[in-house]
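A closer look at the structure
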Amino acid sequence: MNKIIKYQNSNKLILIVFSVIFIFGTISVKDYGVSSDEYAQRIDGFVNLNYIGLKISPEITNKFKKDKNISDLHDKDFPTKTYPALFNTSAGIIEIVFNIKDKYNQFLLRHYLNFFIFFLSLICFYKLCYKRFSCWKLSLFGVVLITLSPRIFANSFYNNKDLVFLSFLLFSVYFGIKFFNKNNLKNAILFSLSNVFAIAGARVHGLISPGIIYFLLITYIVISKDDVKNKIRLVLISVFLTIFFTILFWPYLWESPIVNFIGIFKFLANFGNVWNFPSLFFGEIIYAKDMPWHYSLTWILITTPIFYILLFIVGFIFLTLGFFNNFKRNLISKKFYFDIIFVSILLIPLISSMIFNSTSYNGWRHLYFIYPYFIIYCLLGYKKIHRFISARKLHPKIFNLLTFFIISYYVNWIVINHPHQYAYFNKFAGKNIHKKFDIDYWGLSYKENFNFILENDSRDKIYIKNISANKYFYLVHSLKDKDRQKFIWEFENRDPDYIITNYYLEEEYNKFDKKFLEKYSLYKTILVNNTPINTVYKKK
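As a convention, each chain's residues are numbered from 1 in the sequence order in which they are written. With pLDDT at 70 or above as the cut-off, local features in this predicted model cover only qualifying residues; side-chain atom pairs require 80 or more to be listed or tallied, and sums for whole chains, interfaces and linings still use all residues. The basis for every side-chain value is the complete set of non-hydrogen atoms in the structure, without hydrogens or water.

**A few points about the overall build of the chain**
Convention followed: Helix and strand definitions follow DSSP, with helices as H or I runs of at least four residues and strands as E runs of at least two, each counted in order from the N terminus. Values of the radius of gyration come from C-alpha atoms, whereas the globule rule sets the reference at 2.2 Å times the count of residues to the power 0.38. Exposure categories follow from relative accessible area, calculated using a 1.4 Å probe and restricted to protein chains: below 20% of the type maximum is buried, above 50% is exposed, and the middle band is partly exposed. By definition, residues are in contact when any of their heavy atoms lie within 4.5 Å. Here the open area of atoms and residues is found with the Shrake-Rupley method and a 1.4 Å probe, where only the protein chains shown may cover a residue.
Helix and strand counts for the chain come out as 23 helices and seven strands. Over its C-alpha atoms the chain spans a radius of gyration of 25 Å, differing by no more than 12% from the 24 Å that the globule rule assigns to 540 residues. Taken along the three principal axes of its C-alpha coordinates, the chain extends 80 × 65 × 50 Å. Taken over 540 residues, the chain has a buried fraction of 54%. Looking at the chain alone, contacts between residues at least 24 apart form 76% of all its contacts between residues at least 6 apart. Put simply, the chain shows about 25,700 Å² of open surface, and 62% of that area lies on carbon and sulfur atoms.

Have a look at this one:
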């Protein structure tokens, strides 16, 4: 009877936590601005849709397209043709079906989709943690930790590349672990379908999940010597279906799968020359292909909550020690292979980025997908610390209480700085952060200050000048059409009514004529931890 009551109570708490995340996330979607990267992602989706439509039904496609000039998917001048576009294409289909016209609503739709996919991935993450630790409390704590990671939380609304990829990869890893745990046709098919999301959904780097899991599963099957022939057959079926479904859901591969797939990796090898963006790193402007080897690692260390970093260090030490203890016995333990999968997805991309000096910019967002596996070893660290304290009768409740206060601090930080959690830095970053690192590199802070101007200025035409490397054209889609029309940003022979900047890049702000600014007074500044991320000046 007690077990039944405990089971019911655990389900209630799990439901409450997930409900709070879902409700808070859903009502928060409208608060986030449109990033300067999203417009191109939307275009990618429609280029793929146009290609699919012309292949299937040219007449209907041309009817919908009308006089719009949409690039050909295989046009050599179309720079993102090699990008997986399953998310962008799906969002485009929904946009057409519901006849969404206003740009504001088009991007709002994508933000809702972004968050819903992230929310589903949290469910997979919970189940993944449960398979690793067999403890619902620890698994739920993992969901809390990843949700309360400020940058991950903010990006879950608008980052339809890196956060969508994080989510899609979690789908793949979760169903891969299910297939590893129970080899049957159903799980083989589910794993291959989830691999399509990881590979063709947002980034081709999703190959890391099936690549590692298939290899380790075959290794385990051979070592365990249990029904080897039948299980290898199931693995081969899953591999075949992964290849088949990937080609099916990735239009770029349709005409010449092998040649185009090789072309994707050639493009990635030349990535630094195509997207050689400048970034502010320790106060210096450095271009993407010239980034130091420790760029991504440094960003992880200065933008991850310190409490998480400490837990991870403890967890990783114990993982390493446990790896070499009873190695032969571990070879027939499924959890041992699960750990290899998690550690491989965490370390291979990170170490590769340092060794091969991968093209990097905009912080470590390109490696966000490794973060869930970082959290898994935060949980291991928490478990080991708790066990250590309990074994020595050092009042584990004190440690639990300390954890509660730390988590409460992050909840409070997220609420106070909403919706600018993307600007989170920990104490390791030091002071004057905006002079050392890019903060709002996607221009998300503009939405709040645009709305502030509109709320306090009733004129039909408002002349505004933007001082930033972010293009005004992309940022203004955070506003509804009637509000966008009020802002005039291309004009001559007059001074602007307002000057706005998000300090990206700092050199753009410094190049501006400061004497001209004497005509203006400070109107509003958005601060995150006393660091300015967006400022509006009003003409005196």
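**Considering the packing of aromatic side chains**
Quick note on the threshold: By convention, a stacked pair of Phe, Tyr or Trp rings (six-membered ring in the case of Trp) has centres within 6.5 Å and planes under 30 degrees apart, an edge-to-face pair has planes over 60 apart, and any other such pair is tilted. In this scheme, the term charge over a ring applies when either NZ of a lysine or CZ of an arginine sits within 6 Å of the ring centre and within 35 degrees of the ring normal.
Applying the stated rule across the entire model yields 64 aromatic pairs. With a centroid separation of 6.5 Å and an interplanar angle of 35°, the aromatic rings of Y39 and F107 are classed as tilted. Highlighted residues: Y39 in helix α2 (residues 38-56) and F107 in helix α5 (residues 103-133), separated in sequence by 68 residues. Judged by relative accessible area, F107 falls into the buried class, the value being 0%. Ring centres of Y220 and Y337 lie 5.3 Å apart, and the angle between their planes is 75°; on these two criteria the pair is classed as edge-to-face. Residue Y220 is found in helix α10 (residues 208-224), and its partner Y337 is found in helix α17 (residues 334-355); the two are separated by 117 residues along the sequence. Each member of the pair, Y220 as well as Y337, carries the same accessibility label: buried. Between the NZ or CZ atom of R132 and the centre of the ring of F133, over which it lies, the distance is 4.7 Å. For the cation-ring pair, K524 lies above F452, with the distance from its terminal atom to the ring centre recorded as 5.5 Å.

**Let's talk about the confidence of the model for the chain**
Inclusion rule: Scored from 0 to 100, pLDDT reflects the predictor's confidence in each residue.
Averaged over every residue, the pLDDT of the chain is 92; residues scoring 70 or more account for 96%. The spread of mean pLDDT over the elements of the chain runs between helix α13 (residues 271-274), the lowest at 62, and helix α7 (residues 150-158), the highest at 98.

**A word on the nonpolar core**
Defined as follows: Only buried Ala, Val, Leu, Ile, Met, Phe, Trp, Tyr and Cys residues count toward a nonpolar core, and they belong to the same one when joined by side-chain atoms within 4.5 Å.
Ranked by size, the top nonpolar core spans 122 residues in total, and within it Y308, I341, F342 and Y373 carry the most contacts. Excluding anything up to four places from it in sequence, Y308 contacts V144, L145, L148, S149, Y371, F374, I375, C378 and Y410. Counting 15 residues, the second-largest nonpolar core is a separate cluster that includes Y51, L73, V196 and I199.

**Considering the environment of N114**
Along the chain, N114 turns up in helix α5. Taking the relative accessible area as the measure of exposure, N114 reaches 2% and is therefore buried. On a C-alpha basis, the gap between N114 and K161 in space is 9.4 Å, while along the polypeptide they are 47 residues apart. The residues touching N114, leaving out its near neighbours within four places in the chain, are F87, N155, S156, F157, Y158, N159, N160, L163 and V164.

**Comments concerning the pattern of salt bridges**
Pairs can form between side chains of opposite charge once their charged atoms are near each other. Formally: Salt bridges are identified by distance alone: a Lys or Arg side-chain nitrogen within 4 Å of an Asp or Glu carboxyl oxygen.
In this structure the tally under the stated criterion is 16 salt bridges. D162 is the partner of R365 in a salt bridge, and the nearest nitrogen-oxygen pair spans 2.6 Å. With R365 in the loop between α17 and α18 (371-391) and D162 in helix α8 (residues 162-181), this residue pair connects regions lying 203 residues apart in the sequence. One exposure class covers both R365 and D162, and it is buried. The closest approach of N and O atoms between D481 and R484, which form a salt bridge, is 3.2 Å. On the criterion of helical spacing, the pair formed by D481 and R484 is a turn pair, its members being three residues apart in helix α22 (residues 481-484). Accessibility expressed as a relative area gives 34% for D481, which makes it partly exposed. Residue R484 is classed as buried on the basis of its relative accessible area, which comes to 13%. Linked by salt bridges that have partners in common, D457, R459, R494 and D497 make up one network.

**Quick notes on the state of the cysteines**
A covalent bond between the sulfur atoms of two cysteines is referred to as a disulfide. Let me state the cut-off plainly: Two cysteine sulfur atoms form a disulfide, by the criterion used here, when they sit within 2.5 Å.
Tallying each qualifying case throughout the model produces zero disulfides. C135 takes part in no disulfide bond, and the closest cysteine sulfur, belonging to C129, lies 10 Å away. A disulfide-free cysteine, C378 has its sulfur positioned 10 Å from the sulfur of C129, the nearest such atom.

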